[in-house]
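Single-letter residue listing:
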Amino acid sequence: MNDARRSAHDALTLLGIPRVGLREWHKRVRESGSAGMALRAIGDTPHRAQSELAAAEALDRAAQLGARLLVFGGDDYPASLNDLTACDATEIAPAPPVLFAFGDLARLAQPAVAIVGTRHATATGLRAAERIARSCAEAGALIVSGLARGIDATAHAGALSVGGATAAIIGTGIDVAYPADHRGLQQQIARDGILLSEQPPGQRATRGSFPERNRLIAALTQVTIVVEAGHRSGALLTARAANALNRTIAAVPGAFDNAACLGSNEMLRDGAQVIATTDDVLAMLRLAKADAPSALPP
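Residues numbered from 1 in each chain as written. Predicted model: local features only at pLDDT ≥ 70, side-chain atom pairs only at ≥ 80, totals over all residues. Heavy atoms only, no water.

Asker: Even after reading the chapter, I still don't get the pattern of salt bridges, so can you show me in this structure?
Answerer: Considering all chains together, one arrives at 13 salt bridges under this definition. With its nearest N and O atoms 3.5 Å apart, the salt bridge here joins Arg6 to Asp10. Placement of the pair is Arg6 and Asp10 together in helix H1 (residues 3-16), with a separation of four residues, close to one helical turn. Using a relative accessible area of 37% as the deciding quantity, one classes Arg6 as partly exposed. Arg28 is paired through a salt bridge with Glu24; the nearest N and O atoms lie 2.8 Å apart. One end of the pair is Arg28 and the other is Glu24, both in helix H2 (residues 22-32) and four residues apart, which spans about a single turn. (Salt bridge = Lys/Arg side-chain N within 4 Å of Asp/Glu carboxyl O. Helix = DSSP H or I, 4+ residues; strand = E, 2+ residues; numbered from the N terminus. Buried < 20%, exposed > 50% of the residue type's maximum accessible area, 1.4 Å probe, protein only.)

Here it is as structure tokens:
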């Protein structure tokens with residue numbers, strides 16, 4: 001077993017031990033010095049044997065897919081995710097021990113903006129998301145979102161339409177398309193952008209996996225923009241995580257009587273920055289516009 005696989009195997013095995021969640025994982029690794037040393041302290045138990053088997057199966061499947069393994073503490077692990085572990089907010093989970101990845105990870109070093117919002121977007125919201133994504137991608141920004149229906153998918157597509165960089169952070173295994181009709185878009189992002197997941201290959205969608213991935217979207221970017229979000233939208237969770245991480249949060253104003261805009265409008269009321277034109281976003285990212293100013297749709 002090579003060093004990279006050994007590190008990933010130890011990390012996943014420790015995480016799979018009963019009652020070792022993310023916070024406990026980080027605590028034990030800090031105290032022991034590594035996941036491998038933490039496992040030595042646990043010793044040989046039936047639970048450990050079961051967890052080792054599950055870890056090996058996940059890594060075998062990742063190898064078959066050709067996915068990269070990014071292990072916490074490794075040189076290629078995204079440095080911005082370390083902020084999750086340092087964050088004092090109890091509602092923000094620490095950084096994942098292992099990420100599964102496709103794509104050119106060097107693009108994570110580009111200025112990055114999260115564009116997120118409701119799955120039930122209006123035509124105006126979709127136009128705004130597409131225009132913001134396209135303008136930022138043309139100026140050299142990485143567009144990050146969650147590959148959900150509505151605003152997320154439109155943001156990814158907007159970046160790809162101009163040959164720009166986009167990263168999808170998904171809540172399923174890296175080989176599982178959710179929703180299923182986004183399989184083609186997911187494959188295109190894996191090929192031409194970046195696809196990341198903390199879930200093991202083959203993992204299907206669960207209720208908690210999508211809120212969990214929102215913290216990764218927030219941590220990987222300098223700015224989070226919400227384009228239409230209702231009171232219960234997961235996009236608001238991304239914005240709250242970004243705020244807790246001291247990132248810039250912003251929103252596109254929407255109709256005050258549209259349920260799809262109530263949450264994002266309340267963000268503006270509570271101090272989020274206003275996105276009136278694409279130039280506003282470029283200014284936040286400290287990027288020069290690639291062409292003439294582009295106002296958002298009325």
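Asker: Explanation requested: helix H6 (residues 123-138) in the structure shown.
Answerer: One turn of an α-helix holds 3.6 residues; hence residues three or four places apart share an orientation. Between the first and last C-alpha of H6 there are 22 Å, a value that for 16 residues agrees with the 22 Å anticipated at 1.5 Å per step. Of the positions making up H6, those classed as buried are Gly125, Ala128, Ala129, Ile132, Ala133, Ser135, Cys136 and Ala137. In the core, the buried residues of H6 are packed alongside strand S3 (112-117), strand S4 (142-145), helix H7 (151-161), strand S7 (223-227), strand S8 (248-252) and helix H12 (278-285). One or two residues past the end of H6 sits Gly140, with phi positive at roughly 105°. (Expected span 1.5 Å × (residues − 1). Contact = heavy atoms within 4.5 Å.)

Asker: I would appreciate a short explanation of the packing of H1 against helix H4 (residues 46-65) in the present structure.
Answerer: The contact between H1 and H4 brings their axes to 8 Å, and the two run at 135°. Between H1 and H4, the interaxial angle falls into the category oblique. As H1 runs across H4, the sense of the crossing is right-handed. Across from Arg5, Ala8, His9, Leu12, Thr13 and Gly16 in H1, the residues of H4 making contact are Arg48, Ser51, Glu52, Ala55, Ala56, Ala58, Leu59 and Asp60. Across the contact of H1 with H4, the residue classes break down as six nonpolar, four polar and four charged. (Axes fitted to C-alpha atoms, helices over the stretch in contact; angles between N-to-C directions. Parallel < 35°, antiparallel > 145°, perpendicular 65-115°, else oblique. Left-handed = near helix turned anticlockwise from the far one by under 90°. Nonpolar A, V, L, I, M, F, W, Y, C, P; charged D, E, K, R; others polar.)

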